[in-house]
Amino acid sequence: MSSYTPAEMMTATAAAELGDGEVVFVGIGLPNLACNLARATHAPNLVLIYESGAVGAVPERLPVSIGDPALVTGSLMVCSMADVFQCFLQNGRIEVGFLGGAQVDRFGNINTTVIGSYDRPSVRLPGSGGAAEIAIHARRTLVISRLNPRAFPAQVDFITSPGHVARGGTRRELGMPGAGPVKVITDKAILEADPDGELALAALYPGVRVDEVKAGVGWPLRVRAQLGCIDPPSTEA
Amino acid sequence: MSSYTPAEMMTATAAAELGDGEVVFVGIGLPNLACNLARATHAPNLVLIYESGAVGAVPERLPVSIGDPALVTGSLMVCSMADVFQCFLQNGRIEVGFLGGAQVDRFGNINTTVIGSYDRPSVRLPGSGGAAEIAIHARRTLVISRLNPRAFPAQVDFITSPGHVARGGTRRELGMPGAGPVKVITDKAILEADPDGELALAALYPGVRVDEVKAGVGWPLRVRAQLGCIDPPSTEA
Amino acid sequence: MRDAIARHVHDGDTVVIEGFTHLICFAAGHEIIRQRRRDLVLCRLTPDLVYDQMIEAGCARKLVFSWAGNPGAGSLHAFRRAAEGKGAGRLELEEYSHFGMVARFCAGSARLPFWPLRDYMGTDLPAANPLIRRVTCPFTGEELAAVPALNPDVTIVHAQRADAEGNTQIWGLLGVQKEAAFASKRVIVVVEELVDETVVRADPNRTAIPGTIVDAVVVEPWGAHPSYAQGHYDRDNAFYVAWEDISRDPAKLRRYLDEYVHGVADRAEYVARSGGLEHLRAGERLAAGVNYGY
Amino acid sequence: MRDAIARHVHDGDTVVIEGFTHLICFAAGHEIIRQRRRDLVLCRLTPDLVYDQMIEAGCARKLVFSWAGNPGAGSLHAFRRAAEGKGAGRLELEEYSHFGMVARFCAGSARLPFWPLRDYMGTDLPAANPLIRRVTCPFTGEELAAVPALNPDVTIVHAQRADAEGNTQIWGLLGVQKEAAFASKRVIVVVEELVDETVVRADPNRTAIPGTIVDAVVVEPWGAHPSYAQGHYDRDNAFYVAWEDISRDPAKLRRYLDEYVHGVADRAEYVARSGGLEHLRAGERLAAGVNYGY
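Everything numeric in this text was worked out from a predicted model, so none of it was measured.

Visitor: Teacher, can you tell me more about the packing of aromatic side chains here?
Guide: In the structure shown here, the tally under the stated rule is 21 aromatic pairs over all chains. Both rings, one in Phe-88 of chain A and one in Phe-182 of chain D, keep their centres 5.2 Å apart while their planes meet at 70°; by these two values the pair is edge-to-face. In this pair, Phe-88 of chain A is assigned in helix H3 (residues 81–89) and Phe-182 of chain D in helix H7 (residues 177–183), connecting two distinct chains. With respect to class, Phe-88 of chain A is no different from Phe-182 of chain D; both count as buried. Consider the rings of Trp-222 of chain C and Tyr-233 of chain C, whose centres lie 4.6 Å apart with planes at 25°: the pair is stacked. Linking Trp-222 of chain C in the loop between strand S14 (216–219) and helix H9 (237–248) with Tyr-233 of chain C in the loop between S14 and H9, this pair joins segments that are 11 residues apart in sequence. By relative accessible area, Trp-222 of chain C is classed as buried at 10%.

This is the structure:
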């Protein structure tokens, strides 16, 4: 049996994607854990920015929301949300953004708005928050989601956050500054976009079989010829 | 002989135009003196705002510039210049603005840019600063200038701050929010705009004759049937 | 608070109670519910528990928002029932992203009819909201997104302190309170502490909202609970977590409103009814002052 | 300072030394003159004495501005000679109002190609500057003014304090420094005092510029003289008054530059040459700190 949980594996994998000194737009939960892990290991100078306006946060407790007071106390800067979105995000100052959602499709589009139709949804989700603009402006994004066919349909019911091929065309055709989801980090494997923007299986976690991953998405998943293998998280840190 | 100078008369006249509790966009020099006089007499709750960002300033010394540190110390608020122009001025929160300049014409247009042509000026003046937007957005403006034909031509060489009939039409036709120059306060008399926007002699200072005022402007000056007379400044305050 | 809401919040008004996680004025929301205001257009980036309560109480005709969840704890079930057509009344929705809502307040505070932003390409949001439009740059010819100004009838801002004239100082997260206040026809400031004008004048760079745009100042300690006030009290996360269970069941939610909103006369009674909130009182992390001399 | 200017300011660059009356970095202007930079596009709302000196020194190809006077003391005669065709070299002018310049920095800081404002109707400024254009509101159809983004190659900001990473805190007048810094490709921060990161972190709401956008931090006490630094030293008004006489006579102005700019190796020598500036040292008007606890 493995001595780590899928959540730990996802956290470690996300952390490994963060370079020292990078400016990261952080959400709560797993992305926050990944950033703390990265700061504690290979990226001590990672700069955490929260859409709430806290810049260079060093929370002394696990923040329970992106507006937690612990993100403010001891931070480098607190700015208005107008500055967060205009001077940091739209300005291109955010290197990495984390995204997740109820649905992720074959082109990396994300839905956090509605299941079903917009006017008569079967499930009303919270909506975009800052996700739409993070998906558009962050230099690159990391998508984190557990594999299962409902969470990975061929097409999302509603595009809240555009992926590689979104409503109306590709990112370049639509003039999106950021590179989009460079990696989709799941609980079993890593998906990456092929040149045409479609997600493909790129790397497996230890002991995971290809068919397990294929069974977790709602479309015939491409599998790369050279499959990477992700190391299990080290026990230190 | 009068026991007061023209400057004192202009200051007292300007001060009398300010209502208690009004928000005033202040310049240095005479407008600053007028505001201090008003606060010391009938308008203790006058709120002074400087384009530098000081709000509710209570300078302990006569400010030598609109960015004097004495305007900041003890003020109610310091805001960025983006907020000064967007949230205060363009937002319509400024009731009175003071303007002056090298040239004031028969429609209350003001020139602080160039004497002569723009490309080959005989005298290059400082330019607009905040004057253009103050003239456009302040609910009303007070123009302060000493009478002489060079300072009051029929037409200014360059419209820096629009009056009642400016380049392209009237204030209403051009969609200007503010009422424009309600009074032109000179060293001899007060000029006010007729319904068609042309300035007319409205009130005389004590002991001043109509022909003295007419001699001070570069166009045939209209004289109102009912001429007001301005009281001399009181010696207290 | 009773008088301020009675005077400045009317049926049918467009109402903003802002504050991003920090300084959300539940005290004002509860008073609006007690006074049974109806047909309100409620605007906030994050409706949060305060609007979930107002929706269940029947105050809202329409919701203008960008993220309708229970931060870190689950769903806003009164909102979801209404949005999923399972609620009692109808609730009209007008939806943006956070940046879109911030931009609407920026336009409102600058009294411009619109605000440009580079956003929404590739998303389904413009299809869901016809008020997300496009504007062409007169220099580059580039097409950008544009959202309309939001100019509320009344904006309610909670803050750490203000003087009697409403000169208001905020520290910690600033959200969009300044922009919302300048965009609004009327402004109510609710503070933890009323201070002398000299306290404000001693540190003018901390002033977020000038008294010149404020119509009423209300002193209401603990007025932001269960959200928080930096330097005064922490967020009551246990309550946010408990809300998932309370709001999921309309009967339970009604009982909560009967007990903690209609069942109390004012904030002081609410605090007492909550069994006191001292366990949330903030610790000390004092910043040093700076020199304004010259 | 020598290295920062050598590394980040090149011939032909678009250079911004901002600061509205407050915190104008003369130390950087003098170093640029000493290093004999040429063909610079100098941008500032108020060129002030610092750009008058750089114009006379032959650093400038073009001036982008909105008010070119000597605040409270007269004219900028080097600027006037150039503008009136009486100067040695040619100087191209690009002129706005203050609001227009502020809007250009706002657009630059938001990386938008333009910024909308309600301004310039009835004035001759659009005729004098073809970059003042119009944009149509997609909601009301109303025509507004528009100015293009200003994105300098380098912006130099003077401040009271920063840490080694460039996290910069400013109090007193803020001008457009934050917007100019975010709009710029490179940013140099010059401070009166280098402080430990813990000082910045103790009061994060005071931070105006984050270290993440700063390329160089220079410690230069008295670096803003003859302008001022709130809490450090007062404005040297006597020098501003004296400038009227110095700048009116090109020979006198050259002598000034030879003695106080070319004639000194650095800011310390400038202060000594000026006979010490202790008489301008600020008095104490300390603000109390606030509590960031939770």
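Visitor: Explanation requested: the relation of the copies chain C and chain D in the structure shown.
Guide: For the pair of chain copies, the relating operation is a rotation around an axis with a shift along it. In the superposition of chain C on chain D (RMSD 0.0 Å, axial shift 0.0 Å), the rotation amounts to 180°. One copy is carried onto the other by what is essentially a two-fold rotation axis. By C-alpha distance to the rotation axis, the residue of chain C lying nearest is Gly-289 of chain C, at 2.1 Å. A shared binding surface is used by both copies, with 100% of the interface residues of chain C retained as interface residues in chain D.

Visitor: What is the right way to read the interface of chain C and chain D from this model?
Guide: It is common to give the size of an interface as the accessible area that goes away when the parts come together. On the chain D side, the residues contacting the 46 residues of chain C number 46 residues. Taken together, both faces of the contact between chain C and chain D bury some 4100 Å²; the carbon and sulfur share is 61%. Taken together, the connections running from chain C to chain D amount to two salt bridges. Measuring nitrogen to oxygen at the nearest pair gives 2.7 Å for the salt bridge that ties Asp-203 of chain D to Arg-206 of chain C. There are 26 residue pairs in polar contact (both at pLDDT 80 or more) connecting chain C and chain D.

Visitor: I'm lost on the sheet that holds strand S7 (residues 114–117) of chain D in this one. Help?
Guide: Picture the strands of a sheet paired through backbone hydrogen bonds; they go either parallel or antiparallel. Residue and element names in this part refer to chain D. In space, the three strands of this open sheet follow the order S7-S9-S8, with antiparallel pairing throughout. Unpaired on one side and paired on the other, S7 and strand S8 (133–136) mark the two borders of the sheet. Recorded for the sheet is a direction-independent mean angle of 45° between the axes of neighbouring strands. The pairing of S7 with strand S9 (residues 143–148) spans four bridges and is classified as antiparallel. Bridge pairing links Trp-115 to Val-147 in S9.

Visitor: Sorry, what's going on with the sheet that holds strand S8 (residues 133–136) of chain C here?
Guide: Residues and elements named next belong to chain C. Read across the sheet, three strands follow the order S7-S9-S8 without closing on themselves; strand pairing throughout is antiparallel. Pairing within the sheet leaves two strands with one partner each, and these edge strands are strand S7 (114–117) and S8. In this sheet, adjacent strand axes meet at a mean angle of 45° when their direction is disregarded. With four bridges joining them, S8 and strand S9 (residues 143–148) adopt antiparallel strand pairing. Residue Thr-136 lies in a different strand from S9, and its bridge partner there is Glu-143.

Visitor: Please explain the interface of chain A and chain D as it appears in this structure.
Guide: On the chain D side, the residues contacting the 22 residues of chain A number 25 residues. Interface of chain A and chain D: buried area, both sides summed, is about 2000 Å²; carbon and sulfur atoms make up 58% of it. Its largest share of buried area at the contact with chain D, chain A owes to Leu-76, Met-77 and Arg-93 of chain A, together 31% of the area lost on that side. Connecting chain A to chain D are one salt bridge. Across the salt bridge formed by Lys-178 of chain D and Asp-83 of chain A, the nearest N and O atoms sit 2.8 Å from each other. In this assembly, chain A and chain D are joined by 11 residue pairs in polar contact (both at pLDDT 80 or more). At four residues, H3 of chain A tops the list of elements feeding residues into the side of chain A that touches chain D.

Visitor: When you look at the side chain of Asp-194 of chain A in this model, what are you seeing that I'm missing?
Guide: Residues and elements named next belong to chain A. Along the chain, the position of Asp-194 falls in the loop between strand S14 (189–193) and strand S15 (199–204). Side chain to side chain, Asp-194 and Arg-224 meet in a polar contact 3.1 Å long. Residues in contact with Asp-194, not counting those within four places in the same chain, are Ala-200, Arg-222 and Arg-224.

Visitor: Just to check I follow, could you spell out the pairing of strand S9 (residues 121–124) of chain A for this structure?
Guide: Sheet faces and side chains relate simply in a regular strand, where the side chains alternate between the two faces. Residues and elements named next belong to chain A. Sheet analysis places strand S8 (residues 114–116) next to S9, joined by three bridges and oriented antiparallel. What sits directly across from Gly-116, in S9, is Pro-121. In sequence, S8 turns back onto S9 through a hairpin of four residues.

Visitor: Sorry, what's going on with helix H2 (residues 26–34) of chain C here?
Guide: Owing to its 3.6 residues per turn, the α-helix brings residues three or four apart onto one side. All names here are of chain C. Among the nine residues of H2, nine are classified as buried, and the element is accordingly described as predominantly covered. Residues of H2 that are buried include every one of Phe-26, Ala-27, Ala-28, Gly-29, His-30, Glu-31, Ile-32, Ile-33 and Arg-34, and no others. Taken from the residues just after H2, Arg-36 is the one with a positive phi, measuring 50°.

Visitor: Honestly, the pairing of strand S3 (residues 60–65) of chain D in this entry has me stumped. Any pointers?
Guide: All names here are of chain D. Of all six residues in S3, five are buried, a share of seventy percent or more. Bridge count between strand S2 (residues 40–43) and S3: four bridges; the pairing is parallel. When the bridges of S3 are listed, Leu-40 appears paired with Ala-60. What joins S2 to S3 is helix H3 (residues 48–56), and the crossover it makes is right-handed.

Visitor: It is not clear to me how unusual backbone geometry should be interpreted in this structure. Could you clarify?
Guide: Most peptide bonds take the trans configuration, and most residues that are not glycine carry a negative phi. Residue and element names in this part refer to chain C. Here His-225 and Pro-226 are connected by a cis peptide whose omega angle stands at 10°. On the secondary structure map, Pro-226 appears in the loop between S14 and H9. Positive phi is not limited to glycine here, since Asp-48 has a value of about 60°. In this structure, Asp-48 sits in helix H3 (residues 48–56). Classification of Asp-48 by relative accessible area gives buried; the value is 2%.

Visitor: I'm lost on the nonpolar core in this one. Help?
Guide: Side chains that are nonpolar tend, in soluble globular proteins, to be buried together. The biggest cluster of nonpolar side chains holds 359 residues, and the ones touching the most others in it are Ile-156 of chain C together with Ile-156 of chain D. If near-sequence neighbours (up to four positions away) are discounted, Ile-156 of chain C is found in contact with Ile-5, Val-9, Val-16, Ile-17, Glu-18, Cys-25, Ala-28, Ile-32, Ile-188 and Val-190 of chain C.

Visitor: Hey, could you run me through the packing of H2 of chain C against H3 of chain C in this one?
Guide: The description of two packed helices rests on the angle between their axes and on the distance between the axes. Residue and element names in this part refer to chain C. It is at 10 Å that the axes of H2 and H3 come closest, and there the two elements cross at 0°. Between H2 and H3, the crossing angle belongs to the class labelled roughly parallel. Seen from H2, the contacting residues are Phe-26, Gly-29, His-30, Ile-32 and Ile-33; seen from H3, they are Asp-48, Leu-49, Val-50, Gln-53 and Met-54. Partitioning the contact of H2 with H3 into residue classes produces six nonpolar, three polar and one charged.

Visitor: Got a minute to help me understand the pattern of salt bridges in this structure?
Guide: Pairing between side chains becomes possible if they bear opposite charge and their charged atoms approach one another. Residues and elements named next belong to chain B. Tallying each qualifying case throughout the model produces 76 salt bridges over all chains. Among the salt bridges present, the one from Arg-222 reaches Asp-194, with a minimum N-O distance of 3.0 Å. With Arg-222 in strand S16 (residues 222–229) and Asp-194 in the loop between strand S14 (189–193) and strand S15 (199–204), this pair connects stretches of sequence that are 28 residues apart. Judged by its relative accessible area of 30%, Arg-222 is partly exposed. Given a relative accessible area of 17%, Asp-194 falls into the buried group.

Reading the values: rules and limits
- Residues numbered from 1 in each chain as written.
- Chains lettered and ligands numbered in written order.
- Predicted model: local features only at pLDDT ≥ 70, side-chain atom pairs only at ≥ 80, totals over all residues.
- Heavy atoms only, no water.
- Phe/Tyr/Trp six-rings, centres within 6.5 Å; stacked < 30°, edge-to-face > 60°.
- Helix = DSSP H or I, 4+ residues; strand = E, 2+ residues; numbered from the N terminus.
- Buried < 20%, exposed > 50% of the residue type's maximum accessible area, 1.4 Å probe, protein only.
- Least-squares fit on C-alpha atoms with pLDDT ≥ 70 in both.
- Contact = heavy atoms within 4.5 Å.
- Buried area = accessible area lost by both parts, 1.4 Å probe.
- Salt bridge = Lys/Arg side-chain N within 4 Å of Asp/Glu carboxyl O.
- Polar contact = N/O pair within 3.5 Å; in protein donor to acceptor, adjacent residues only side chain to side chain.
- Pairing = 2+ DSSP bridges.
- Axes fitted to C-alpha atoms, helices over the stretch in contact; angles between N-to-C directions.
- Right-handed = clockwise from strand over helix to strand, strands pointing away.
- Core = buried A, V, L, I, M, F, W, Y, C linked by side-chain atoms within 4.5 Å.
- Parallel < 35°, antiparallel > 145°, perpendicular 65-115°, else oblique.
- Nonpolar A, V, L, I, M, F, W, Y, C, P; charged D, E, K, R; others polar.

As far as function goes, none of this settles anything; it's purely spatial.
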